[in-house]
Amino acid sequence: MRKQENAYLTVYLALCITLILSLCLTLIEGARRNGARLETEIAAEIGLQSVLAEYHRELFNQYNLFAVDSSYGTNLPGKINTEKHLEYYLKKNLDLKDVFLGSLFYRDFFALYAKKVSLERVSVLTDEKGAVFRKCAAEAVKDDIGLNLLMQLQNWMQVIEINGLEERDVEEEKERLDYEIQEYDGMEIDIGEEEPYIFHISNPTIRLEEQRKKGILKLVLDENSELSAGVFRTEGSVTDRMEQGQTNRGNIALKPLSEADQLWERFLFQEYLLRYMGHYGKVDEEDGLKYQIEYLVSDGNSDAENLRSVLNRICAIREAANTLHLLSDTEKRGEAELAAALVCDLAMVPEVAPVLEAAIILGWAFAESIYDVKTLIAGGSVPLLKDTESWHYSLENALSGKLNEREETENEKTYENEEFYEIREFHENGEFYEIEEFHESEKFHKNDLTYEDYLRIFMMCTDLDTLTARAMNMVEADIRMTSGNGAFRLDGCYAGLEAYIEVESRHGFQFEITRKKFYFPQ
């Protein structure tokens, strides 16, 4: 009789092994999918970081700005060029062909490859009338600028506005007074004699008017001063392409800013321009225009034209401010009144004395203003509203018309070596709550302004979009002067990217991912 054996254990083990094997294969497949998803995200992150790492080196070296030049040194900027670079980095990060002895020791567990790569959206530096460019510039200097200077700038602007220093045209007032005085000169009246009496009024400010006709540059610049002959041509510039609608445009909108944030960003942008662009007294020989800040607030075609415009503008403000001082200073106004009375009494026309007095005051203010402008461009500072101690010319010296002779005074100060210290304290959550500032000098506690301070004021008075467009003109023109960048365009530079990436696996699954990367915080 054959013996029967029990097979329950064998069947049980077979069932267990089948279940365990199924579980293991499921776990392996899950690990493959999750690992592939993680690798896709990492490859996308690395790819975008690699693209942004290809920022334009000359733009960074000269202007501390990060942006990807989508032309990559060619004449044709465009998204397709950047897409190819991103696709290249994705392929290199997804395959194992570059791994040393990879085919021998490794097996591509995920077997991923990039099926589709496209830049869905980009942020171009010239977008929103240069708002992206402005934001990048502000980011470049925001950690180095203190709040105190902004407060001082606002105070200067307020003083100018309250006293109407920019609105008042002292030169026009002076011309009108001179014309009125001239009408009396040579006038005949009958005083009962055989010959009529002819009035002869000698206007004591005539020498000053002869000096004014020379022009501001000849009055304030020394004979040995070298005036830049730089010329800027607008054809093909950023502003020219903007006007003709020929700029490349992105499709990522910036987040709106509050009024306070807009003011702060504008201030930072202006400080950025002063730091990275030249002006009279601080020029870069490699720049096309040497007086770039003057161009931003004047929009002339040459350095000489822009400098003349700025100096005339400063002189006009100084004339208005100095006139206010003369009218408020009893002693100086008395001198002008006495001088006018003497001239009119000799000419027997006492009724002209008030007109002549006003002309003398305006002429005196003009002479003082020329001295002020000379002081500013020499690196010194001048109070916005003067007092007796800071006044330079006596009435006699002013009416002499010798405006080319400049003397140093104790009131002139330079701040080239001035250091600015700032201590910031933060809450544990990182929010700013206190700022404390220290200065070697008392510049920020006084009413003194330097030439750069007037440039700050003029930039603040310039339309922001106009200021930004002109700044982009300067940046683009300077970069084009460097080797290999003759066709450089700011509207071909990306400050942010949004990419859509589709990745497939040879094991039968796929992933879609969208990622954004910017050089500035969003």
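Just above sits the structure.
Residues numbered from 1 in each chain as written. Predicted model: local features only at pLDDT ≥ 70, side-chain atom pairs only at ≥ 80, totals over all residues. Heavy atoms only, no water.

*Asks:* Before we move on, could you go through empty space enclosed by the protein and cite the residues and values that matter?
*Replies:* Considering all chains together, one arrives at one cavity of 30 Å³ or more under this definition. The calculated volume of the largest cavity comes to roughly 30 Å³. As for the largest cavity, its lining consists of Asp69, Ser71, Thr74, Asn75, Pro77, Ala487 and Arg489. Here the residues of the lining of the largest cavity sort into two nonpolar, three polar and two charged. (1 Å grid on protein atoms, 1.4 Å probe; cavity = no way out; pocket = protein on both sides within 12 Å on 5 of 7 lines; lining within 4 Å. Points joined across faces, edges and corners; volume = space filled by probe spheres on them. Nonpolar A, V, L, I, M, F, W, Y, C, P; charged D, E, K, R; others polar.)

*Asks:* Give me the lowdown on the packing of aromatic side chains, citing residues and values where you can.
*Replies:* Remark: the centre distance and the inter-plane angle together describe each pair of aromatic rings, the angle taken between the planes. One pass over the full model with this rule turns up 15 aromatic pairs. With 4.9 Å between their ring centres and 80° between their planes, Tyr55 and Phe66 make a pair best called edge-to-face. One end of the pair, Tyr55, is in the loop between α1 (8-52) and α2 (57-63); the other, Phe66, is in the loop between α2 and β1 (68-69), and eleven residues separate them in sequence. The exposure class of Phe66 is partly exposed, given its relative accessible area of 33%. Their ring planes at 65° and their centres at 5.6 Å tell us that Tyr280 and Tyr291 sit as a pair that is edge-to-face. (Phe/Tyr/Trp six-rings, centres within 6.5 Å; stacked < 30°, edge-to-face > 60°. Helix = DSSP H or I, 4+ residues; strand = E, 2+ residues; numbered from the N terminus. Buried < 20%, exposed > 50% of the residue type's maximum accessible area, 1.4 Å probe, protein only.)

*Asks:* Please set out a negative patch on the surface residue by residue, giving values where relevant.
*Replies:* Together, Glu226, Asp284, Glu285 and Glu286 line one region of the surface with negative charge. In this fold, Glu226 is placed in the loop between α9 (216-220) and α10 (238-243). You can call Glu226 exposed: its relative accessible area is 75%. (Patch = residues over 30% accessible without salt bridge, like charges linked within 9 Å, V, L, I, M, F, W, Y side chains within 5 Å. Areas by Shrake-Rupley, 256 points an atom, 1.4 Å probe, with all protein chains shown as cover. Salt bridge = Lys/Arg side-chain N within 4 Å of Asp/Glu carboxyl O. Lys, Arg positive; Asp, Glu negative; His and termini not counted. Charge placed at Lys NZ, Arg CZ, Asp CG, Glu CD.)

*Asks:* Quick rundown of the environment of Phe520? Include the residues and the values.
*Replies:* Locating Phe520 in the fold gives a position in the segment after β10 (510-518). A C-alpha to C-alpha distance of 9.7 Å links Phe520 and Ala138, two positions 382 residues apart in sequence. The contact partners of Phe520, leaving out residues within four places of it in the chain, are Ser123, Val132, Lys135, Cys136, Glu139, Leu254 and Ala495. (Contact = heavy atoms within 4.5 Å.)

*Asks:* Go over unusual backbone geometry, please, and point to the residues and values.
*Replies:* Phi at Asn64 is positive, roughly 55°, even though this residue is not glycine. Phi is positive for Ala111, close to 50°, though the residue is something other than glycine. Within the element layout of this structure, Ala111 appears in the loop between α4 (102-105) and β2 (112-124).

*Asks:* Account for the nonpolar core, naming residues and giving values.
*Replies:* Leu125, Leu273, Leu311 and Tyr451 are the most contacted members of the largest nonpolar core, which has 108 residues in total. Examining the composition of this core, we find that 16 residues originate from one element, helix α15 (residues 353-377), more than from any other. Aside from chain neighbours lying at most four places away, what touches Tyr451 is His279, Tyr280, Glu294, Leu307, Val310, Leu311, Ile314, Leu376, Ile377 and Gly380. Grouped together as the second largest cluster of nonpolar side chains are 26 residues, Val122, Ile501, Val503 and Ile513 included. (Core = buried A, V, L, I, M, F, W, Y, C linked by side-chain atoms within 4.5 Å.)

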